[in-house]
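Below are the chains, spelled out letter by letter.
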Amino acid sequence: MLKMKSITKTFPGVKALDNVDFEVELGEIHALIGANGAGKSTLMKILAGAYGGYEGDIFIDDNKITMNNPIEAKHNGIVIVYQEVDTALVPHLTVAENIMMDYIVDGKNDVFMNWKYIRKQAKQELDALDLDINVNCLVSDLTLSEKQMVLIGRAVFHKAKYLILDEPTAPLSIEETEKLFEIVRKLKNDGMSVIFISHRLDEVFKICEKITVLKDGKYVGTFATKEMTIDKSVEKMLGRKLENSYPKIKVDINETLLEVKDFSGTGGVNNVNLNVRSGEIVGLAGLVGGGKTELCKLLFGEGNILQGEIKLKGKGFKPKTPADAVQMGLALVPEERRKEGILVNESVETNLTLPTLDKYCKRSFMQKGKIKKASVESIDKVGIKTPSEKQLIANLSGGNQQKVAIGKWFLSDAEVFIFDEPTKGVDVGSKAEIYELIGELVAQGKGIIYASCEFNEILGLTDRVYVMYNGTVVKELISEETTEEELLYYSAGGALNEKQN
Ligand SMILES: Nc1ncnc2c1ncn2[C@@H]1O[C@H](COP(=O)(O)OP(=O)(O)OP(=O)(O)O)[C@@H](O)[C@H]1O
Ligand SMILES: [Mg+2]
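Residues numbered from 1 in each chain as written. Chains lettered and ligands numbered in written order. Predicted model: local features only at pLDDT ≥ 70, side-chain atom pairs only at ≥ 80, totals over all residues.

1. Examining the domain arrangement of the protein
Rule in force here: How far each domain reaches was decided by an automatic or database domain assignment. The helix and strand labels rest on DSSP assignments: H or I over at least four residues marks a helix, E over at least two residues marks a strand, and numbering proceeds from the N terminus. Residues are grouped as follows: nonpolar covers Ala, Val, Leu, Ile, Met, Phe, Trp, Tyr, Cys and Pro; charged covers Asp, Glu, Lys and Arg; every other residue, Gly included, is treated as polar.
Structurally, the protein comprises domain 1 (2–238), domain 2 (244–329 + 415–501) and domain 3 (336–413). Spacing between the C-alpha centres of domain 1 and domain 2 amounts to 34 Å. The biggest single contributor to the side of domain 1 that touches domain 2 is helix H9 (residues 230–238), with 3 residues. Looking at the side of domain 1 that touches domain 2, its residues break down into 6 nonpolar, 3 polar and 1 charged.

2. A few points about the site of ligand 1
To keep it simple, the criterion reads: Here, nearness means that the C-beta atom of a residue, built from backbone geometry, sits within 6 Å of the molecule or strand in question.
For ligand 1, the set of nearby residues contains 18 residues, the closest of which are Phe11, Ser41, Thr42, Ser397 and Gly399. In the shell around ligand 1, the residues fall into 5 nonpolar, 11 polar and 2 charged. Summarising the domain contributions, the shell around ligand 1 has at least three residues from each of domain 1 (2–238) and domain 3 (336–413).

3. Notes on the packing of helix H5 (residues 115–128) against helix H6 (residues 144–157)
When two helices pack together, their arrangement is captured by the angle between the axes and the distance separating the axes. Stated formally: To get an axis, fit a line to the C-alpha atoms, keeping to the stretch in contact for a helix; angles then go from 0 to 180 degrees between the N-to-C directions. Roughly parallel means an angle under 35 degrees; roughly antiparallel means over 145; roughly perpendicular covers 65 to 115; every other angle is labelled oblique. Two residues qualify as a contact pair if the distance between their C-beta atoms, derived from the backbone, is within 7 Å.
For the pair H5 and H6, interaxial distance at closest approach is 9 Å and the crossing angle is 105 degrees. For the element pair H5 / H6, the angle class is roughly perpendicular. Together, Glu125, Leu126 and Ala128 of H5 and Gly153, Val156 and Phe157 of H6 make up the contact between the two elements. Here the residues of the contact of H5 with H6 sort into 4 nonpolar, 1 polar and 1 charged.

4. Quick notes on the pairing of strand E22 (residues 472–478)
If a strand is regular, its side chains alternate between the two faces of the sheet. To keep it simple, the criterion reads: At least two DSSP bridges between two strands are required for those strands to pair.
Pairing of strand E21 (residues 464–469) with E22, which is carried by 6 bridges, proceeds in the antiparallel orientation. Bridge pairing links valine 467 to lysine 475 in E22. Between E21 and E22, which follow one another and run antiparallel, lie 2 residues, and asparagine 470 among them has a positive phi close to 55 degrees.

5. A word on the sheet that holds strand E5 (residues 63–65)
Read across the open sheet, the 4 strands follow the order E2-E1-E4-E5; overall the sheet is antiparallel. This sheet does not close on itself; its edge strands, each paired only once, are strand E2 (14–24) and E5. The average angle at which neighbouring strand axes cross in this sheet is 25 degrees, direction not considered. Here 3 bridges tie strand E4 (residues 55–60) to E5, and the two strands are oriented antiparallel to one another. The residue bridging isoleucine 60 from the neighbouring strand is asparagine 63, located in E5.

So, in structure tokens, the structure goes:
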């Protein structure tokens, strides 16, 4: 049994954890949930030895242990898989080398490395997990989910007893998530404990037997999943009931703003036709790999347009760069926030005001007061949890970084906003707030493209949906008249079967 008792952790200006208790038994799958910034990742980083300075005690089987670095954590059988899996792998080494990393750098091997043993052992770990990944493959050639599996394989090789997964499913497709859950259940049956962090509560209820809730750095309680419901856990996380997950006001839909005709380009985008009207939220539904992200990027001037044209308010244009697209009146909230949506080592203020900087400049002078005012306003509007607008983005929680990536565009004068999976990693309460902000945009007569692989979100939020499959739009539907099943059918290639039959 693992116990964390009265854990407190303070960062400059932030008390991330305040007297938190957390207990996990061997052989259980235990969820850790809470709103963005509640302290989930911080608590788990302490357990994984990533932070030295914390108050409180950690016990394994009633023996007090210290957790001052990752090596100590590993010795105690604790392994963490961070959401940014890339940071934990060496891309230009093989799968086998990555799984056996610690063995390789161990120092006990002296001059000679037994590569045969390394490959054999790594293959055994993957086989035991029922995973079909070639151990001689370079890690850089793997998909995200395969990379996760490699990290889990490494944890198993370490004989880890406690495996922490911090939002593992956010980037995964439905099948990949199923595969991950299969492995998690298997590990549990072998006696391992798995701590699972996720904002997708349906997943939590699917595989976890216990749930611990944190709120504002404090421990709310630990509950048996059997005795909880999704609504109850939302209430415990937010401290209030969530009345309406999809606050949607009716607005008039008017003239066409954006028209995309016979549009093809890099990334496999092939012959797409769509339009967006003023006041309208248009969904782009599709599975991971269906081409939504590629289309969004092309529209925003990233990649090469091979054929077709974009018209904004009747005026044709072909964006060559994102700057062209912004100039014409487009805005994009990209999917991979850490790589594309934000500057991690800059302040919240800089990030929020960068796309609209010319608004706060007079001749060549930046007006600091205006910049501050605008950023403080959007921090409030989007509900970003930060001690001040000067905080570095790198120090915000994952979900709050995402809110900055979204928030910066609410200051812009764009006509058409493209959101690519904007609520990934965002808690349920903040999701509703983001939907409300999108509602405000359409009320002002803007047009929205909203790409998502979460079909309940598409149904709750949008007016019309285009379903994408294999780089092209295969179906157009009225949101009110369709269902999740129908969206899934078309996004899995159903329309093609229809044509053939
Ligand atoms: N290195 C750091 N420096 C300063 N503040 C930090 C640091 N890491 C986390 N914080 C702050 O501690 C609080 C808890 O953050 P944490 O990342 O643990 O939240 P979380 O529950 O994982 O949220 P999310 O669901 O958004 O990932 C937040 O207010 C965050 O801004
Ligand atoms: Mg987190």
